[in-house]
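Summary of the model geometry
One letter stands for each residue in the lines below.
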Amino acid sequence: MFSTIIDSIDLEEPLHWLNRNNTQRVSANMKRALNGAPHIQQTAIPSGIALELGTKDGWMHRLDFNALQAHAASTLTEFTINHDGNNINVVWDNTQANVITGDDLDDEFGEYPLLTNVVLRFLTL
């Protein structure tokens, strides 16, 4: 069965790996010599790879969203994500403006119980 567990938070609805096929795994640098010849240096990126999980066209309960927000605010060290049976060691990606984003499924005053377009940002270790 497909599931997503972030640290100890077992999400009711599993998340999609949004950037699974769109991550930079090699870093490259090119400079030109005085004669114009390119000097290219490349190296594999073993860790620090951006990982984005999200709801895509689905939704997330506000209780799960609030638990993840609290986790991101209090956990500044390494933890494990279990995504569909695969364990991935990560940290929250605080290099960006927001590590967790989401939209209310319906606009109304107060907190609507469901959110959509949820995106969680991590860096692999």
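Residues numbered from 1 in each chain as written. Predicted model: local features only at pLDDT ≥ 70, side-chain atom pairs only at ≥ 80, totals over all residues. Heavy atoms only, no water.

Section: the side chain of Asn19
Mapped onto the fold, Asn19 is located in the loop between strand S3 (16–17) and strand S4 (26–32). Looking at Asn19, the relative accessible area reads 8%, which means it is buried. Among the polar contacts listed, one links the side chain of Asn19 to the backbone oxygen of Ala50, at a separation of 3.0 Å. Engagement of the side chain of Asn19 in a polar contact is seen with the backbone nitrogen of Glu52, the distance being 2.9 Å. With near-sequence residues (within four places) excluded, Asn19 lies in contact with Ala50, Leu51 and Glu52. (Helix = DSSP H or I, 4+ residues; strand = E, 2+ residues; numbered from the N terminus. Buried < 20%, exposed > 50% of the residue type's maximum accessible area, 1.4 Å probe, protein only. Polar contact = N/O pair within 3.5 Å; in protein donor to acceptor, adjacent residues only side chain to side chain. Contact = heavy atoms within 4.5 Å.)

Focus: the pairing of strand S6 (residues 50–54)
Where S3 and S6 come together, two bridges link them in antiparallel fashion. Note that in S6 the partner of His16 across the bridge is Gly54. The pairing of S6 with strand S11 (residues 114–124) spans five bridges and is antiparallel. Across the sheet, residue Ala50 finds its bridge partner in S11, namely Leu123. (Pairing = 2+ DSSP bridges.)

Quick word on the nonpolar core
Ranked by size, the top nonpolar core spans 21 residues in total, and within it Ile6, Leu68, Ile81, Trp92, Ile100, Leu120 and Phe122 carry the most contacts. Elements with a minimum of two residues in this core: S6, helix H1 (62–74), strand S8 (79–83), strand S9 (86–92) and S11. Here this core gets four residues from one element, more than from any other, and that element is S11. Setting aside anything within four residues of it in sequence, one finds Leu120 in contact with Ile6, Leu15, Leu51, Glu52, Leu53, Leu68, Trp92, Val99 and Ile100. (Core = buried A, V, L, I, M, F, W, Y, C linked by side-chain atoms within 4.5 Å.)

Quick notes on the environment of Ala37
By secondary structure assignment, the location of Ala37 is in the loop between S4 and strand S5 (38–44). For the pair formed by Ala37 and Ser47, sequence separation is ten residues and the distance between their alpha carbons is 31 Å.

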